[in-house]
Amino acid sequence: MKQIPFAQAEHQNKKKVTCREQFLAQMDALVPWQRLIEALSPSYFPNAAGKRGRPPIGLERMLRIYFLQQWYALADEALEDAIYDSQAMRDFIGIDLAIESVPDTTTLLRFRHLLEQHALTQRIFEEFNASLTDQGLFMREDTIVDATIVAAAPSTKNKARQRDPAMKQTRKGNQWFFGMKAHIGVDAVTGLTHSVAATSANIADVTMAGVLVRDDDKRVYGDAGYTGMWKYLDEEKDAPDSRCCVAAKRGTIKKMEDSPMKTLLLAFEKAKASIRAKVEHPFHVIKNLFGYRKVRYKGLAKNQAQLFTLFALGNLVLAGRCEGDADGASASRIWPSSRKTGY
């Protein structure tokens, strides 16, 4: 029988189960570990047979560390320190400080670069969604499309004396933003994200509609920013069998005189808005619960790679909230964000 360290035994005997422990236990149960390992192993262990040198750290352990980084919005150095500080994190990873150390920041950096170079974060996203599909959580009937602006550092106080050329400015209302846009397609029934794309902030939302919509979608919902979406879905304007269900512009309704027609139109727009509301849930998860408010890297490629992971993990949170935990609590009560849990 393996003897556990005194500190770990003391931690296990405490009376209160923290929110962090609840969250990590739920995610541990929801992540399809075996599926991920089988999908990513060919890229993580290339020509492993007969190769000399120190063997790499196990893929599952590195994935667990990488997911912690996304859930808690930590830089490489901060992640290493957090794992040393938190017994809950070490239990989730399976690290015993009595016999081993936490992987250093260079190891974490190299693993992230490996995921980016081989497009493995997109594969993670696909495997997560395939697992959720097997559980019947993707209805594949209707899609909601939307985009959110993710801010980037506008400062020029760097070695190149310039801002990231991949990031652009855009105006929303009367306010200007600098950064990129995260475009998503969401299942209209479950609110789970099935498509992700990243562009600079000055790209119009509607231009990405064709990338986000599934071929078998019967209806596509979007806000007023998707006016003219039919052009990007290869449909005829005002076609009777059009899949487009786009919100009317506020100004158009405001100009109408009070009449039964206006009342009916307002009720119709309210019904469409109640369906579109589900698209805000993934944005809420990654921005408010995971703390993803600003881009962490330069260029669109690295940031899009991170988006695939964030929305994949966000789908797990939403799926867990639908199912509830063993005590009937929802994932919204055990989120990882330090702003909500005190960590």
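Scroll up for the structure.
Residues numbered from 1 in each chain as written. Predicted model: local features only at pLDDT ≥ 70, side-chain atom pairs only at ≥ 80, totals over all residues. Heavy atoms only, no water.

Caption draft 1: Up close: the overall build of the chain. Secondary structure summary: the chain contains 14 helices and 6 strands in total. Across the 343 residues that make up the chain, the buried fraction comes to 48%. Partitioning the contacts of the chain with sequence separation of at least 6, the portion at a separation of at least 24 is 68%. Per element, the accessible surface of the chain, about 18600 Å² overall, is 51% carbon and sulfur. (Helix = DSSP H or I, 4+ residues; strand = E, 2+ residues; numbered from the N terminus. Buried < 20%, exposed > 50% of the residue type's maximum accessible area, 1.4 Å probe, protein only. Contact = heavy atoms within 4.5 Å. Areas by Shrake-Rupley, 256 points an atom, 1.4 Å probe, with all protein chains shown as cover.)

Caption draft 2: Representation of helix α5 (residues 76-85) within the structure. All buried positions along α5 are accounted for by Asp76, Leu79, Glu80, Ala82 and Ile83. In an axial view of α5, the angular spread of the buried residues amounts to 165°, which keeps them on one side of the axis. Opposite the packed face of α5, turned more than 90 degrees from it, sit the exposed residues Glu77 and Asp85. If you follow the buried residues of α5, they end up packed against α4 (59-72), α6 (87-93) and α7 (105-117). (Arc of directions from axis to C-beta.)

Caption draft 3: Quick peek at the packing of α5 against α7. Between α5 and α7, the least distance of the axes is 9 Å, while the angle of their chain directions is 125°. As judged from the angle between their axes, α5 and α7 are oblique. In this structure, α5 crosses over α7, and the sense of that crossing is right-handed. Here α5 contributes Asp76, Glu77, Leu79 and Glu80 to the contact with α7, which in turn contributes Thr105, Leu108, Leu109 and Arg112. In terms of residue class, the contact of α5 with α7 is made up of 3 nonpolar, 1 polar and 4 charged. (Axes fitted to C-alpha atoms, helices over the stretch in contact; angles between N-to-C directions. Parallel < 35°, antiparallel > 145°, perpendicular 65-115°, else oblique. Left-handed = near helix turned anticlockwise from the far one by under 90°. Nonpolar A, V, L, I, M, F, W, Y, C, P; charged D, E, K, R; others polar.)

Caption draft 4: Spatial organisation of the side chain of Ser242. Looking at where Ser242 falls in the secondary structure, it is placed in the loop between β5 (219-222) and β6 (244-246). Taking the relative accessible area as the measure of exposure, Ser242 reaches 17% and is therefore buried. Within the local environment of Ser242, its side chain forms a polar contact with the side chain of Glu235, the two groups lying 2.7 Å apart. A distance of 3.2 Å separates a polar atom in the side chain of Ser242 from the backbone nitrogen of Cys244. Sequence-distant contacts of Ser242, that is, excluding residues within four places in its chain, are made with Arg219 and Glu235. (Polar contact = N/O pair within 3.5 Å; in protein donor to acceptor, adjacent residues only side chain to side chain.)

Caption draft 5: Expanded view of the packing of aromatic side chains. For the coordinates displayed, the defined rule picks out 11 aromatic pairs. Aromatic rings pair up to connect Phe23, Trp33, Tyr44, Tyr66, Phe67, Trp71, Phe92, Phe111 and Phe128 into one cluster. Lying across the ring of Phe92, Arg64 places its NZ or CZ 4.9 Å from the centre. The cationic tip of Arg163 hangs over the ring face of Phe178; the distance from NZ or CZ to the ring centre is 4.2 Å. (Phe/Tyr/Trp six-rings, centres within 6.5 Å; stacked < 30°, edge-to-face > 60°. Lys NZ or Arg CZ within 6 Å of the ring centre and 35° of its normal.)

Caption draft 6: Examining the environment of Ala312 more closely. Position of Ala312 relative to the elements: it lies in helix α13 (residues 300-323). It is 6.2 Å that separates the C-alpha atoms of Ala312 and Phe128, two residues lying 184 residues apart in sequence.

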